[in-house]
Amino acid sequence: MNTRKSKRILILGGGDLASGVAAVLHRNGWHVVISELPEPLVVRREVAFAEAVWNTQHTVEEIQSVLVHKDEEVEAALLAGKVAVVVDPDAAIAERFDFQAVVDARMFKRFSPNTIRQDLPLIGLGPGFVAGENCLAVIETNRGANLGRIIWQGSAEQDTGIPGIVEGRGIERVLYSPSSGIFKGLVKIGELVRQGQILAEVGGEVIKAPFDGLVRGMLRDGLNIRAHMKVGDIDPCFDRDLAFQISDKALIIGKSVLEVVESLT
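So, how was this worked out
Residues numbered from 1 in each chain as written. Predicted model: local features only at pLDDT ≥ 70, side-chain atom pairs only at ≥ 80, totals over all residues. Heavy atoms only, no water. Core = buried A, V, L, I, M, F, W, Y, C linked by side-chain atoms within 4.5 Å. Buried < 20%, exposed > 50% of the residue type's maximum accessible area, 1.4 Å probe, protein only. Helix = DSSP H or I, 4+ residues; strand = E, 2+ residues; numbered from the N terminus. Contact = heavy atoms within 4.5 Å. Axes fitted to C-alpha atoms, helices over the stretch in contact; angles between N-to-C directions. Parallel < 35°, antiparallel > 145°, perpendicular 65-115°, else oblique. Left-handed = near helix turned anticlockwise from the far one by under 90°. Nonpolar A, V, L, I, M, F, W, Y, C, P; charged D, E, K, R; others polar. Salt bridge = Lys/Arg side-chain N within 4 Å of Asp/Glu carboxyl O. Patch = residues over 30% accessible without salt bridge, like charges linked within 9 Å, V, L, I, M, F, W, Y side chains within 5 Å. Areas by Shrake-Rupley, 256 points an atom, 1.4 Å probe, with all protein chains shown as cover. Pairing = 2+ DSSP bridges.

Once that is clear, we can look at the nonpolar core. Counting 37 residues, the largest nonpolar core has Ile11, Leu25, Leu125, Val257 and Val261 as the members making the most contacts within it. With seven residues, helix 1 (residues 16-27) is the single largest residue contributor to this core. Not counting residues up to four positions away in its chain, the partners in contact with Val257 are Val21, Leu25, Val103, Ile123, Leu125 and Ile139. Judged by nonpolar contacts, the second largest core, of 24 residues, contains Ala77, Val86, Ala94 and Phe97.

This part takes up the packing of helix 1 against helix 4 (residues 248-262). Closest axis-to-axis distance for the helix 1/helix 4 pair is 8 Å, and the angle between their directions is 50°. Classified by the interaxial angle, the pair formed by helix 1 and helix 4 is oblique. Helix 1 and helix 4 meet at a crossing whose hand is right-handed. Residue-level contacts link Asp16, Leu17, Gly20, Val21, Val24, Leu25 and Arg27 of helix 1 to Lys249, Ala250, Leu251, Ile253, Gly254, Lys255, Val257, Leu258 and Val261 of helix 4. Tallied by class, residues from the contact of helix 1 with helix 4 come to 10 nonpolar, two polar and four charged.

With that settled, the discussion passes to the pattern of salt bridges. As enumerated under the stated definition, the model contains 12 salt bridges in all. Across the pair Glu75 and Arg8 runs a salt bridge, and its minimum N-O distance is 2.6 Å. A residue pair is termed long-range when its members are at least 10 positions apart, and Glu75 in helix 3 (residues 71-79) and Arg8 in strand 1 (residues 8-12) qualify at 67 residues. Here Glu75 falls in the buried class, since its relative accessible area comes to 16%. As a salt-bridge pair, Arg106 and Asp104 come within 2.7 Å of each other at their nearest N and O atoms. By relative accessible area, which is 24% here, Arg106 ends up partly exposed. Ionic contacts of the salt-bridge type, sharing partners, join the residues Arg173, Arg216, Asp233 and Asp235 into one network.

The next subject is a nonpolar patch on the surface. Residues Leu186, Ile198 and Val206 make up a contiguous nonpolar surface patch of roughly 210 Å² in combined accessible area. Position of Leu186 among the secondary structure elements: in the loop between strand 13 (181-185) and strand 14 (192-193).

The next point concerns the pairing of strand 16 (residues 205-208). In terms of strand pairing, strand 15 (residues 198-202) meets strand 16 through four bridges, oriented antiparallel. When the sheet's bridge partners are listed, Glu201 is paired in strand 16 with Val206. Hairpin connection between strand 15 and strand 16: a loop of two residues separates the two successive antiparallel strands, and Gly203 in this loop has a positive phi of roughly 55°.

As structure tokens, this is what we get:
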């Protein structure tokens, strides 16, 4: 038995935002395939299906994902009710499978022309996409009154580069690499930390906690990263469950993507 074309979606990227979209689609009966890089650079790893690239499988909330290599494994994963993750930076799988649409959730902040079949409807998340020009629809990703708005003509708001405010904390919630080098995390996701505590090292330089809080995300050990790259996420709330839950932002965006793909059937 084959999964129906009208229920297949290809998502480019498997980070936390993309995974929230995948979760909403999956829970509404869609068969999701995620294309990823050979070494995903994901911070909120516990809620990212991209982790399957490293671990061969990964569960986000109650949804299972599995790393697949062959086309028959893709079919088997979808029929088993799992999210299929494939290492396929160029999304060549779009040439071999029928998808209802493609969701570009890589969050490049700019449009990146690709070789994906032009006959497939493309839904872009955030800045860089222009509905009616390089995609079918754009979903607003900036927090605020317009978060999740479906844009059928035009573009999303420009990226502010400033995270949403949580308990009065904004940009300081995000940890950045002070230099290039090999990343080494010294705490685990879900751990409670204190201000000034050393959380990670990069190229011999340390990264300290900016305030007391919860480690909501942390880059994987051993990755060779560049300076000023996002490597961690600290939340001022002390609720450990937050580290393992899909964000409200991702779910709102996911519901908007669902509305668009449902309109195509």
